[in-house]
Amino acid sequence: MPATAVTAAALAAGPALLLAAPVHADDAAPASTGSAGASVLRADLDVSLLDKTVQVPVLSTLNEVRVPAAGRDSGAADKTALDVRVDGLAVSEGDAHPDGPQAVNIARAEVATADATVDADGAEASSNLARAEVHVPGLPALSLIKVEEVTSKAVCAVGEKPRAESNTLGSVTVLGKRVTVTVGGEPTVVAVPGVGEVSLGFSQTETTRSAASAAALRLRVSVNPLKLNVAEVEGEVTLVEAECETPAGGGTGPAEEPGDRPQGDAEPVQDERPADAADPAPERQLAETGGSSATPYLVGGAALLVGLGLSGLVLARIRTRG
């Protein structure tokens, strides 16, 4: 190859070598928007009927709210009664249910509220139940549980540790028996001969670094009414729940502008320099002389081009002498 061609090739390849730079990828996970939810009653029961081999599930909630949902960041509910339909249930004695012979009342209360809110400062949920009775299918006259007042609250504020609390105020009666409220420890078991057994847990709370939950009363139910065509009822009933998850990226102060974070902050800062920029350390070292991070590459490229040019001249002289 002629010396001029070698020199031209080197000059053509030089810019490509000098302009090569690493590519930065942004793989940050999307931030959580936070959430909050509350309910006054949640029933998950299986009803076995006397004249059938199948079980009829009873899955129902009273005043359940959950946000964010459908573009809303807050929600509230205050219904004071819960009625469900149980297929195969026999007609009860006394007044017929307004929703039909196979409908049964699960809960009645004077006060039953649930609230949930999510915003940039945090998430919060609460629920409250007062002067309430809860029934299961097959036991229309005997209440599963009667309470004076129970409350639950969960708070997940940005920058603070999540917290949850539940309170049971006044008396609690299970299957006609008054029970003592005990927070923590083993559940209280109430057994009634000829009726069944209920395991009762009070004020169950749980917190993590970003979430909190509370349930005032949790009942494990196993009763055999042998009435109204109901052979057995098993499952769980939860009263007065609240839960929340802390939003990520929210706060009470103004959002930080790029470059406003102190140098001593230990949190990682996203690199917003152009993709063809090199490490900032060489820039600081070369700033006093007016150089930049590309200077070492320019110097090396120039040396390479000078060497190729000299080699070409030597080869040309050898050929001329020959």
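Once that is clear, we can look at the overall build of the protein chain. In terms of helices and strands, the protein chain carries 3 helices and 14 strands. Pairs at least 24 apart in sequence give 60% of the contacts found in the protein chain among residues at least 6 apart. Surface accessibility of the protein chain: about 19,100 Å² in total, with carbon and sulfur atoms responsible for 54%.

A surface patch of negative charge is lined by D44, D46, E232 and E234. Broken down by secondary-structure element, the contributors of at least two residues to the negative patch are β1 (35-49) and β14 (230-245). Its place among the elements puts D46 in strand β1.

Next up on the list: the pairing of β1. On a regular strand, one side chain projects to one face of the sheet and the next to the other, so that they alternate. Most of β1 sits inside the fold, with 11 of its 15 residues counted as buried. Bridge count between β1 and β14: 14 bridges; the pairing is antiparallel. Within the sheet, the bridge partner assigned to V47 lies in β14 and is V233. When β1 meets strand β3 (residues 65-67), the two strands line up antiparallel, connected through 3 bridges. Across the sheet, residue G37 finds its bridge partner in β3, namely R66. Taken together, the 8 bridges between β1 and strand β2 (residues 55-62) define a ladder with antiparallel strand orientation. Across the sheet, L45 pairs through a bridge with V58, a residue of β2.

Moving on, we come to the side chain of N63. Following the sequence through the fold, N63 ends up in the loop between β2 and β3. Its relative accessible area of 6% is what places N63 among the buried residues. Within the structure, N63 has its side chain in polar contact with the backbone oxygen of K79 (distance 2.7 Å). Engagement of the side chain of N63 in a polar contact is seen with the backbone oxygen of A112, the distance being 2.8 Å. Dropping the residues within four chain positions of it, N63 is found in contact with A38, S39, V40, A77, D78, K79, A112, T113 and A114.

On the secondary structure map, T168 appears in strand β9 (residues 163-174). Remark: the alpha-carbon pair of T168 and L217, spanning 49 residues in sequence, is separated by 8.3 Å. Setting aside chain neighbours within four positions, we find T168 in contact with E149, V150, V181, F202, S203, A216 and L217.

Conventions and cut-offs
Residues numbered from 1 in each chain as written. Predicted model: local features only at pLDDT ≥ 70, side-chain atom pairs only at ≥ 80, totals over all residues. Heavy atoms only, no water. Helix = DSSP H or I, 4+ residues; strand = E, 2+ residues; numbered from the N terminus. Contact = heavy atoms within 4.5 Å. Areas by Shrake-Rupley, 256 points an atom, 1.4 Å probe, with all protein chains shown as cover. Patch = residues over 30% accessible without salt bridge, like charges linked within 9 Å, V, L, I, M, F, W, Y side chains within 5 Å. Salt bridge = Lys/Arg side-chain N within 4 Å of Asp/Glu carboxyl O. Lys, Arg positive; Asp, Glu negative; His and termini not counted. Charge placed at Lys NZ, Arg CZ, Asp CG, Glu CD. Buried < 20%, exposed > 50% of the residue type's maximum accessible area, 1.4 Å probe, protein only. Pairing = 2+ DSSP bridges. Polar contact = N/O pair within 3.5 Å; in protein donor to acceptor, adjacent residues only side chain to side chain.

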